[in-house]
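Close look at the chain arrangement
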Amino acid sequence: MKKVFTVFTALLLAFAVQAENLIENASFEKAGKKAPASWAKIGKGQVIFQPGKGIVRLESVDEKTPATCSARQSVFKKIVKGKKYLLSCKVKGDKFQKHPKADYGLMLVNKNWKGSAGTRRFKVPEAEAVTVKKVVTVPENWTDAIIVAFVANTTGALEFSEIQLTEVQ
């Protein structure tokens, strides 16, 4: 009986410690043909939300024209300045190519990119998705906080899935 109680208590603690994902509709189940209401598409590349799979695919229109585009969501009302958060996702490339001045990543940014924190220019696998993550602290002087999955000056596609922003306890 004592062992059962110990296991039960451990399971309860594990669930209690697991933080809530602050990103709304991270699975994109409400996507349809447009971006989910909580997400915005920005830029000249293609931004495709794949419902059920929880994937946002950022891609160039063709093989020769580099894309610059992003999927964004405001999280300012959900975060607390000065606190730490874990920003994470899985990433996979599809014929992904970097061009001069290429940039890409998953970031938490202030209004008009007047500050940013996150992970960028990581190694992009083609076969299996890998997890990228970074603990970020929201600066006290920020006036906004936006999650941005982005590509700039790249061709092919970059797929972001399981996007999460959780408070670090």
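The structure displayed is predicted, hence computed values, not measured ones. (Residues numbered from 1 in each chain as written. Predicted model: local features only at pLDDT ≥ 70, side-chain atom pairs only at ≥ 80, totals over all residues. Heavy atoms only, no water.)

1. So, the overall build of the chain
Regarding its fold elements, the chain presents 1 helix and 8 strands. Per-residue burial over the chain gives 43% buried out of 169 residues. Taking as baseline every contact in the chain between residues at least 6 positions apart, the subset at least 24 positions apart corresponds to 74%. Put simply, the chain shows about 10200 Å² of open surface, and 56% of that area lies on carbon and sulfur atoms. (Helix = DSSP H or I, 4+ residues; strand = E, 2+ residues; numbered from the N terminus. Buried < 20%, exposed > 50% of the residue type's maximum accessible area, 1.4 Å probe, protein only. Contact = heavy atoms within 4.5 Å. Areas by Shrake-Rupley, 256 points an atom, 1.4 Å probe, with all protein chains shown as cover.)

2. Description of the pattern of salt bridges
One pass over the structure, following the stated rule, counts 8 salt bridges. Close ionic contact of Arg57 with Glu59 constitutes a salt bridge, the shortest N to O distance being 2.6 Å. Of the two residues, Arg57 and Glu59, both sit in the buried class. What you see here is one network of salt bridges that share partners, running through Arg57, Glu59, Asp94 and Glu159. (Salt bridge = Lys/Arg side-chain N within 4 Å of Asp/Glu carboxyl O.)

3. A few points about the nonpolar core
Val56, Leu108, Ile147, Phe160, Ile163 and Leu165 are the most contacted members of the largest nonpolar core, which has 36 residues in total. Of all the secondary structure elements, the ones that give two or more residues to this core are β2 (46-50), β3 (55-59), β4 (67-74), β5 (84-109), β7 (130-137) and β8 (146-167). Sequence-distant contacts of Ile147, that is, excluding residues within four places in its chain, are made with Ile23, Trp39, Ala71, Arg72, Gln73, Val75, Leu87, Leu106, Met107, Leu108, Ile163 and Leu165. Met107, Val109, Ile146 and Val148 belong to the second largest nonpolar core, which has 5 residues in total. (Core = buried A, V, L, I, M, F, W, Y, C linked by side-chain atoms within 4.5 Å.)

4. Examining the environment of Ile146
Among the structural elements, Ile146 can be located in strand β8. Judged by its relative accessible area of 18%, Ile146 falls in the buried class. For the pair formed by Ile146 and Leu108, sequence separation is 38 residues and the distance between their alpha carbons is 5.5 Å. Setting aside residues up to four positions removed in sequence, Ile146 forms contacts with Arg72, Gln73, Ser74, Met107, Leu108 and Val109.

5. Examining the packing of aromatic side chains
Using the criterion set out here, one finds 4 aromatic pairs in the structure. Their ring planes at 80 degrees and their centres at 5.1 Å tell us that Phe96 and Tyr104 sit as a pair that is edge-to-face. Like Phe96, the residue Tyr104 is buried in the burial classification. Judged by centre distance (5.3 Å) and plane angle (85 degrees), the ring pair of Tyr104 and Phe122 falls under edge-to-face. One end of the pair, Tyr104, is in strand β5; the other, Phe122, is in the loop between β6 (116-120) and β7, and 18 residues separate them in sequence. Judged by its relative accessible area of 1%, Tyr104 is buried. Members of the aromatic cluster, joined through ring pairs, are Phe96, Tyr104 and Phe122. (Phe/Tyr/Trp six-rings, centres within 6.5 Å; stacked < 30°, edge-to-face > 60°.)

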